[in-house]
Structure formats: C-alpha cells, structure tokens
Amino acid sequence: VQLQASGGGLVQAGGSLRLSCAASASILAMDAMSWYRQAPGKQRELVTTISSAGSTYYSDSVKGRFTISRDGAKNTVYLQMDSLKPEDTAVYSCRAVRRRLVGRDDYWGQGTQVTVSS
C-alpha cells in the first residue's frame, strides 16, 4: 500500500490548511489511519487517529482545532487544521496499520511540510 500526503504549505498563525493522504488501496480495510508530525529537533508525535469503526483520537495539543476525516470512495484521509499556531510547524506524515493474525502491516507516506508563521 502506498500513501501520498499532500496539502502542506506556509500559512499565518490563525489560518487553516487541509492535508490529504491518498492510499493506493482501500482505507476502510485498514484498522487505523493516523497523522503524525515531527518538528525540527523533536521526536515524531502522534497527532490524530481514525479507526476502521470511525472512532477518533486527538492529541491534547490539537484537540478542538484539528479534525480527521476520511472518504472511502476516494481512499483518502484528510486532516483539517484550523487555528494554526507556530508550534504546529512540522513535517506531517500519514500512516496506515492493518492487523494480521500475527503482527501487522504498517505503511507510511512521505511527509508534507507545514509552516506556520507568527
């Protein structure tokens, strides 16, 4: 499965961006689709996850500002980012996980840069 992330860019604080993660296979077959981010000099962190059942998780730092959604027909997961802050600046990557009877399949897309200016 290939994942293609897009939609990053430069935005002023308070602005919005929508990231897309297009998959080469059915995202509904995945147990979870997630967005991660990594800022310069920091560890990669989980931003948000959507499960196959549609339940969502958000990190405290983005709760209330970011929204994850999906379009099964387009095999695409979205990350709507509102009220952006300079501390949201990072490379954002998407991940797909599918559990097996033993182990799991783990797919990562390339990152897309998000830069928020103050």
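Below or above, wherever it landed, is the structure these notes cover. Just so it is clear, the structure is predicted and the values come from calculations on it, not from any experiment.

Turning our attention to the overall build of the protein chain. When helices and strands are tallied, the protein chain shows 0 helices and 11 strands. The C-alpha radius of gyration computed for the protein chain amounts to 14 Å, which stays within 12% of the reference 13 Å derived for 118 residues, consistent with globular compactness. Taking the principal axes of the C-alpha coordinates as reference, the protein chain spans close to 45 × 30 × 25 Å. Looking at the 118 residues of the protein chain, the share that counts as buried comes to 42%. Counting contacts in the protein chain only where the partners sit at least 6 residues apart, residues at least 24 apart contribute 51% of the total. Taken as a whole, the protein chain presents about 6,300 Å² of accessible surface, with 47% of it coming from carbon and sulfur. Taken as two groups, the 14 positive and 9 negative side-chain charges of the protein chain have centres that lie 3 Å from each other.

A few words on unusual backbone geometry. Positioned with a positive phi, Asn75 is a non-glycine residue whose angle comes to about 50 degrees. By the element assignment, Asn75 lies in the loop between strand S7 (66-71) and strand S8 (76-81). The residue Ser83 is not glycine, and still its phi comes out positive at about 50 degrees. The exposure class assigned to Ser83 is partly exposed, which follows from its relative accessible area of 42%.

Bringing the state of the cysteines into the picture now. Scanning the model with the defined rule gives 1 disulfide in all. What pairs with Cys21 in a disulfide is Cys94, and their sulfur atoms sit 2.2 Å apart. Looking down the S-S bond of the Cys21 and Cys94 bridge, the torsion is 70 degrees, so its handedness is right-handed. Of this pair, Cys21 sits in strand S3 (residues 17-23) while Cys94 is found in strand S9 (residues 90-99), placing the two residues 73 residues apart along the sequence. For Cys94, a relative accessible area of 1% gives the class buried.

Read from one edge of the open sheet, 4 strands run S1-S3-S8-S7, paired in antiparallel fashion. If you trace the sheet from one side to the other, it starts and ends with strand S1 (3-6) and S7, each paired once. Each strand of the sheet is rotated relative to its neighbour by a mean of 15 degrees, with strand direction disregarded. Judged from the 6 bridges that link them, S3 and S8 form a sheet pairing that is antiparallel. Within S8, the residue paired with Leu17 across the bridge is Met81.

Moving on, we come to the nonpolar core. By size, the foremost hydrophobic cluster in this structure holds 29 residues, and its most contacted members are Leu3, Met33, Trp35, Phe66, Met81 and Tyr92. At the level of secondary structure, the elements contributing two or more residues to this core comprise S1, S3, strand S4 (32-38), strand S5 (45-51), S7, S8, S9 and strand S11 (112-117).

Conventions and cut-offs
Residues numbered from 1 in each chain as written. Predicted model: local features only at pLDDT ≥ 70, side-chain atom pairs only at ≥ 80, totals over all residues. Heavy atoms only, no water. Helix = DSSP H or I, 4+ residues; strand = E, 2+ residues; numbered from the N terminus. Rg over C-alpha atoms; globule rule 2.2 N^0.38 Å. Buried < 20%, exposed > 50% of the residue type's maximum accessible area, 1.4 Å probe, protein only. Contact = heavy atoms within 4.5 Å. Areas by Shrake-Rupley, 256 points an atom, 1.4 Å probe, with all protein chains shown as cover. Lys, Arg positive; Asp, Glu negative; His and termini not counted. Charge placed at Lys NZ, Arg CZ, Asp CG, Glu CD. Disulfide = S-S within 2.5 Å. Pairing = 2+ DSSP bridges. Axes fitted to C-alpha atoms, helices over the stretch in contact; angles between N-to-C directions. Core = buried A, V, L, I, M, F, W, Y, C linked by side-chain atoms within 4.5 Å.

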